[in-house]
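Spelled out, the chains give:
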Amino acid sequence: MASLNFEFVQSADKVGQLPPTDTEVAVVGRSNVGKSSLINALANRRKLAHVSNTPGRTRLLNLFQLLDGNRAALPGNRRAIMDLPGYGYATASKQMRYSWAAMIEDYLLERESLVMVVVLVDGLVGPTSLDKDMLEWLRSHGLPHTVVATKHDKVKSSKRSKRVKDLSAGCQLDPGDIVWVSSAKGTGIDKLRSLVRSWLED
Ligand code: GDP
């Protein structure tokens, strides 16, 4: 299937600084979960999310807009992907962790165009306690979300069925509710692209 064609718009540290969009899908997960690799795989570009992985931007809200053909969509039809900063940097001070959490929470609660939160969970080791906290928080606020398990290729085939069960149980979901992907091998990427399209076309 055709890749999702999108381009970087801008970074911000407050939701109020972002330009309005009509529909938006946010992607969140702990650092190192494979978020940049996945965004690049969805766009079929090697360095798209590089822009959000550059120093200084990893801790910001990074907005990408979906292009219609090769052109920016017309005003009134702006579809976007929000690359949220990864949570759980081991090195960050308590104060910094607190301000990132506040930035993410404000975004999730105030962004009116938000139609879906994609929560990335490491397929090999997830969900971590931070992932569970995030899911619980999203549930408590009634925000629509979908769990995507990353790095499918890293799970040995002999362990897959147990891992699929354990990961979904840890997320308190049915195995069929979780989308498994591998950015390295391309597994599940087409499926996730069509889901993203369908959410944005809401
Ligand atoms: P981010 O911090 O969430 O943006 O994570 P990255 O996309 O930078 O990935 C973190 C590490 O996981 C890198 O070493 C990637 O090469 C690796 N990685 C990401 N996705 C995959 C995948 O699908 N399979 C495998 N085997 N490794 C992956």
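The structure presented is a predicted model; accordingly, all values stated were derived computationally and were not measured.

Draft legend 1. Geometry of the overall build of the protein chain. A count of helices and strands for the protein chain gives six helices and eight strands. Tracing the protein chain from N to C terminus, the helices and strands come up as β-β-α-α-β-β-β-α-β-α-β-α-β-α. When burial is assessed residue by residue, the protein chain has 46% of its 202 residues classed as buried. The long-range fraction of contacts in the protein chain, counting pairs at least 24 apart against all pairs at least 6 apart in sequence, stands at 76%. Summing over all exposed atoms, the protein chain offers an accessible surface of approximately 10300 Å²; the carbon and sulfur share of this is 49%.

Draft legend 2. Inspection of the site of the ligand at higher detail. Taken together, 14 residues are adjacent to the ligand, and N32, K35, S36, S37 and D153 come closest. Within the side chain of S36, one N or O atom sits 2.5 Å away from an oxygen atom of the ligand. K151 is positioned such that a nitrogen or oxygen atom in its side chain is 3.2 Å from an oxygen atom of the ligand. The fraction of the free accessible surface of the ligand (580 Å²) that becomes covered by protein chains is 69%. The dominant element in the shell around the ligand, judged by the number of residues it contributes, is helix α1 (residues 35-43), at three residues.

Draft legend 3. Quick look at the pairing of strand β6 (residues 114-122). Counting buried positions along β6 yields nine of nine residues, so the element is predominantly enclosed. Strand direction decides the pairing type here: strand β2 (residues 23-29) and β6, joined by six bridges, are parallel. Bridge pairing in β6 places G29 opposite L120. Strand direction decides the pairing type here: β6 and strand β7 (residues 145-150), joined by six bridges, are parallel. Bridging across to β7, V117 finds its partner in H145.

Draft legend 4. Quick look at the environment of E105. Following the sequence through the fold, E105 ends up in helix α3 (residues 94-110). Residue classification places E105 among the partly exposed positions, given a relative accessible area of 33%.

Draft legend 5. Spatial organisation of the nonpolar core. Ranked by size, the top nonpolar core spans 31 residues in total, and within it L18, M82, L84, Y107, L108, V119 and L138 carry the most contacts. Those elements that provide at least two residues to this core are β2, β3 (61-68), β5 (79-83), α3, β6, α4 (129-140) and β7. Aside from chain neighbours lying at most four places away, what touches L108 is L84, L114, V117, W137, L138 and L143. With 25 residues, the next largest nonpolar core counts F64, M116, L120 and V179 among its residues.

Draft legend 6. Quick look at the pattern of salt bridges. In the structure shown here, the tally under the stated rule is nine salt bridges. Its salt-bridge partner being K151, residue D122 comes within 3.6 Å of it at the nearest N-O pair. Taken together, the positions of D122 in strand β6 and K151 in the loop between β7 and α5 (160-170) put the pair 29 residues apart, joining distant regions of the chain. Note on D122: relative accessible area 6%, which makes it buried.

Draft legend 7. Spotlight on the packing of aromatic side chains. Taken as a whole and assessed by the stated rule, the structure comprises two aromatic pairs. Geometrically, the ring pair formed by F6 and F64 is edge-to-face, given 6.0 Å between the ring centres and 75° between the ring planes. Residue F6 is found in strand β1 (residues 6-12), and its partner F64 is found in strand β3; the two are separated by 58 residues along the sequence. For the pair F8 and F64, a centre-to-centre distance of 5.6 Å together with 65° between the ring planes defines the contact as edge-to-face. Linking F8 in strand β1 with F64 in strand β3, this pair joins segments that are 56 residues apart in sequence. A network of ring pairs unites the aromatic residues F6, F8 and F64 as a single cluster.

Conventions and cut-offs
In this convention, every chain numbers its residues from 1, walking through the sequence in written order. Per-residue local features are limited, in this predicted model, to residues with pLDDT of at least 70; the limit for side-chain atom pairs, both in listing and counting, is 80 or more; totals at the level of whole chains, interfaces and linings are taken over all residues. The side-chain quantities take in all heavy atoms of the structure and omit both hydrogens and water. Each helix is a run of DSSP H or I of at least 4 residues and each strand a run of E of at least 2, with the numbering of both proceeding from the N terminus. Classification of residues uses two cut-offs on accessible area relative to the type maximum, computed with a 1.4 Å probe and protein chains only: under 20% is buried, over 50% is exposed, and between them is partly exposed. Contacts: residue pairs with any heavy atoms within 4.5 Å of one another. Each accessible area is a Shrake-Rupley estimate made with a 1.4 Å probe; only the visible protein chains count as cover when residues are assessed. A single heavy atom is enough: if one lies within 4 Å of a molecule or strand, its residue is considered near that molecule or strand. Polar contacts here mean pairs of N or O atoms no more than 3.5 Å apart (in protein, one a potential hydrogen donor and the other a potential acceptor; neighbouring residues in sequence count only if both atoms are side-chain atoms). At least two DSSP bridges between two strands are required for those strands to pair. By nonpolar core is meant a set of buried Ala, Val, Leu, Ile, Met, Phe, Trp, Tyr and Cys residues that side-chain atoms within 4.5 Å join together. We define a salt bridge as a side-chain nitrogen of Lys or Arg found within 4 Å of a carboxyl oxygen belonging to Asp or Glu. Classification of ring pairs uses Phe, Tyr and Trp, with its six-membered ring standing for Trp, and accepts pairs whose centres are within 6.5 Å; under 30 degrees between planes counts as stacked, over 60 as edge-to-face, and the remaining range as tilted.

Read these as layout, nothing more, since geometry by itself doesn't imply function.
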